[in-house]
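Residue-level structure breakdown
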Amino acid sequence: MRRALVLSAAVVLACFATAQIPGTAQVQRPAFDLLIRGGRIVDGTGNPWFVGDVAVAGDAIVAIGSALEPGAARVIDARNHIVAPGFIDVHSHSEERQDKQDVIGNPAAENNVRQGVTTVFASPDGGGSVQVGAFLKKVEEARPAINVGTFIGHGSVRGAVIGQANRAATPDELERMRSLVRQGMRDGAFGLSTGLFYVPGNYAPLDEVVDLAHVAGEFGGIHQSHMRDEAAGVLNSVRDTIAIGERGGLPTQVTHHKIIGKANWGKSVDTLRLIDEARVRGVDATLDQYPYTASSTSIQGGLVPQWAQEGGRTRMLERFKDETSRQRILLEISKAIETDRGGGDPANVVLAACPWDPSLAGKNLAQVLRDRRRPVAIDQAADLVVEIVEKGGCSAIYHAISEDDLVRIMKHPATMIASDASPGIPTFGKDVPHPRAYGTFARVLGVYVREKHVLTLEDAVRKMSSFPAWRMGLRDRGLLRPGMKADIVVFDAGTIADRATFERPHQYADGLSTVIVNGHVTFAAGQMTGDRAGRALRLN
Ligand SMILES: [Zn+2]
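Here's a quick rundown of the structure. (Residues numbered from 1 in each chain as written. Predicted model: local features only at pLDDT ≥ 70, side-chain atom pairs only at ≥ 80, totals over all residues. Heavy atoms only, no water.)

This part covers the state of the cysteines. On inspection of all chains with the given rule, the structure shows 1 disulfide. Residue pairing for Cys354: its cysteine sulfur links by disulfide to Cys394, the two sulfurs lying 2.3 Å apart. Taking the sign of the S-S torsion, about 110° here, the bridge from Cys354 to Cys394 comes out right-handed. Residue Cys354 is found in the loop between strand S15 (349-353) and helix H12 (365-371), and its partner Cys394 is found in the loop between helix H13 (378-391) and strand S16 (395-399); the two are separated by 40 residues along the sequence. Both residues of the pair, Cys354 and Cys394, count as buried. (Disulfide = S-S within 2.5 Å. Helix = DSSP H or I, 4+ residues; strand = E, 2+ residues; numbered from the N terminus. Buried < 20%, exposed > 50% of the residue type's maximum accessible area, 1.4 Å probe, protein only.)

Glancing now at the nonpolar core. Of all hydrophobic cores here, the largest spans 78 residues; its most connected members are Phe87, Phe121, Ile152, Val181, Leu445, Leu457 and Phe491. With 7 residues, helix H15 (residues 436-451) is the single largest residue contributor to this core. Leu445 has contacts with Phe87, Arg450, Leu457, Ala460, Val461, Met464, Phe491 and Ile496, leaving out every residue within four places of it along the chain. Listed in part, the 28 residues of the second largest apolar core include Met316, Ile337, Val368 and Tyr398. (Core = buried A, V, L, I, M, F, W, Y, C linked by side-chain atoms within 4.5 Å. Contact = heavy atoms within 4.5 Å.)

Of the protein atoms, only Asp125 (OD), Asp125 (OD), His226 (ND1) and His256 (NE2) coordinate the zinc ion, at distances of 2.1 to 2.5 Å. On the primary sequence, the residues serving as donors to the zinc ion are separated as D-x100-H-x29-H. One end of the pair, Asp125, is in the loop between strand S7 (117-122) and helix H3 (132-142); the other, His226, is in strand S11 (residues 222-226), with 101 residues separating them in the sequence. His226 matches Asp125 in its accessibility class, with the two residues each being buried. (Donors = N, O, S within 2.8 Å, 3.2 Å for Na, K, Ca; no water.)

Cis geometry marks the peptide bond from Val199 to Pro200; its omega dihedral reads 5°. In this structure, His256 takes a positive phi of about 30° despite not being glycine. The phi angle at Asp420 is positive, at roughly 65°, despite the residue not being glycine. Within the secondary structure, Asp420 sits in the loop between strand S17 (415-417) and H15.

Take the sheet that holds S11 next. Strand order in the open sheet made by the 6 strands is S9-S10-S11-S12-S13-S17, with parallel pairing throughout. A strand with exactly one partner marks an edge of an open sheet, and here the two such strands are strand S9 (152-153) and S17. Bridge count for S9 against strand S10 (residues 191-195) is 2 bridges, and the pairing is parallel. When the sheet's bridge partners are listed, Gly153 is paired in S10 with Ser193. (Pairing = 2+ DSSP bridges.)

Attention now moves to the pattern of salt bridges. If you walk through the whole model with that rule in mind, you get 38 salt bridges. Notably, a salt bridge pairs Lys485 with Asp59, separated by 3.6 Å at the nearest N-O pair. On the criterion of sequence distance, the pair formed by Lys485 in the loop between helix H17 (466-472) and strand S18 (488-491) and Asp59 in the loop between strand S2 (50-57) and strand S3 (60-65) is long-range, its members being 426 residues apart. Per residue, the accessibility class of Lys485 equals that of Asp59, and both read buried. A salt bridge links Glu141 to Lys137; the nearest nitrogen and oxygen atoms lie 3.4 Å apart. With Glu141 and Lys137 both in helix H3, this residue pair falls 4 residues apart, about one helical turn. With a relative accessible area of 57%, Glu141 lands in the exposed category. Via salt bridges that share partners, Arg326, Arg372, Arg374, Asp383, Glu387 and Lys391 belong to a single interconnected network. (Salt bridge = Lys/Arg side-chain N within 4 Å of Asp/Glu carboxyl O.)

What follows deals with the pairing of S7. Regular strands place side chains that alternate from one sheet face to the opposite one. With 6 of 6 residues buried, S7 is to be regarded as a mostly interior element. Bridge count for strand S6 (residues 87-89) against S7 is 3 bridges, and the pairing is parallel. Bridge pairing in S7 places Ile88 opposite Thr119. Where S7 and strand S8 (residues 147-150) come together, 4 bridges link them in parallel fashion. Bridge assignment links Ala122 to a residue of S8, and that residue is Thr150. Taken together, S7, H3 and S8 constitute a β-α-β crossover, and its handedness is right-handed. (Right-handed = clockwise from strand over helix to strand, strands pointing away.)

Let us look at the sheet that holds S15. The pairing of strands in a sheet comes from backbone hydrogen bonds and takes either a parallel or an antiparallel form. Spatial ordering of the open sheet is given by S14-S16-S15, a layout of 3 strands whose pairing is antiparallel. Only two strands of the sheet have a single partner each, and these edge strands are strand S14 (294-298) and S15. When the angles between neighbouring strand axes are averaged without regard to direction, this sheet yields 30°. Relative to S16, S15 runs antiparallel, the two being bridged by 4 bridges. The residue of S16 that forms the bridge with Leu351 is Ala396. (Axes fitted to C-alpha atoms, helices over the stretch in contact; angles between N-to-C directions.)

As structure tokens, this is what we get:
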């Protein structure tokens with residue numbers, strides 16, 4: 001129905017255009033709404049740029065060529081600029097959140113648009129609503145500036161059926177989980193996301209995940225995993241992710257691939273070898289990554305052992321009070337600070353947002369200990385972690401990744417770029433969140449293309465456009481080609497840069513000149529236009 005409407009609109013425009021030109025009524029002249037003229041076209045395939053014009057009518061690219069006649073079209077001068085497909089973020093926390101820091105609460109998605117992102121996929125890490133249809137309807141009602149697709153999250157599915165219990169599913173529960181995944185896929189999800197690091201996904205045996213991934217695969221979906229372990233056990237976790245794809249019979253993706261903890265640095269040599277070996281034997285295994293040496297998640301999710309979280313918050317708080325389990329929990333948190341996400345030093349864990357005490361945002365655990373006149377030591381930091389969780393928790397940033405691993409992973413041909421952030425995370429100016437929300441895509445183009453020459457410009461754009469589009473099953477986006485939807489970015493390759501830092505994250509990227517979503521100019525001349533033309537995307 002939508003396609004038919006677009007076509008008839010195009011026909012009307014064409015008639016209008018020919019009628020405007022006296023004496024040329026017989027000439028078939030294409031009518032364009034927008035003409036992006038004279039740019040270096042990086043089309044998303046990875047091929048070298050070429051100079052040309054890109055013409056848009058309605059929501060689609062209708063012509064690419066040289067010296068196209070603008071007719072009545074609005075002309076965008078792109079000389080000395082790069083014209084590329086809009087960037088696609090396959091790991092976006094755009095799922096609906098209680099604090100409204102999501103795409104429904106922030107439909108302008110300014111932090112996304114201002115780094116060239118035109119499509120996001122919500123509900124990674126096993127999260128988000130199991131009511132995929134209802135979520136996509138809310139997205140449509142919010143009229144976002146960007147396109148939004150979603151996964152169905154395994155953790156949410158398990159939570160809905162089994163709750164926070166640490167046990168295998170009964171056959172009946174497994175069947176109910178299957179039917180939730182099936183319904184989610186029917187309602188338009190692009191695949192199953194898993195968060196096997198998090199509760200309750202962590203409680204699922206591998207067979208359960210394979211079983212549910214298989215259901216998503218039957219609908220053409222993929223599996224994307226925040227793995228059980230990204231530190232000492234990272235190799236086995238990559239093996240598991242590959243096994244889910246191999247046994248489940250669907251494409252499988254290690255999401256935000258990284259190696260956490262100094263003792264594990266360098267293991268990306270082996271994780272990438274595992275991916276290569278899997279691909280050689282026919283498993284469609286791929287990766288995504290954000291270009292930063294720090295991760296971000298809640299203090300509870302990042303540092304409190306999963307067994308201690310079983311049964312929900314009340315049960316967890318009881319365990320904190322019980323002396324025997326408290327000692328065990330403190331020991332495991334100390335270990336996580338020493339060898340895992342804590343980066344070996346309480347100073348490497350920086351609080352990003354604490355709703356119960358906003359003044360803590362931006363302070364690391366060592367600073368908080370000093371403020372309280374307590375010794376700066378790992379066991380003291382573990383104690384502080386328990387106290388923070390008791391008071392209501394914080395989100396945090398963990399500096400525990402090496403640049404060498406980051407670069408090695410980025411260079412791999414099966415790695416695409418994804419932010420792990422969201423529209424509205426954070427609210428502009430509030431707290432001290434991870435800069436990836438503002439900078440991910442611009443940072444790859446500025447730091448890893450222009451400054452460090454890790455990627456060519458064309459390959460970087462491929463990793464942000466056609467590769468994620470085709471990975472997700474989006475066949476009408478991700479390339480600059482006639483017939484594709486008109487999601488287009490224009491930027492200056494010489495100046496594009498992320499400005500958001502860990503200390504001052506609330507800064508938009510530089511160097512973008514125009515962002516077009518479904519044929520609508522969404523960002524131009526340094527400003528959001530207010531046009532919000534994004535759509536809810538469905539796989540089936
Ligand atoms: Zn994650």
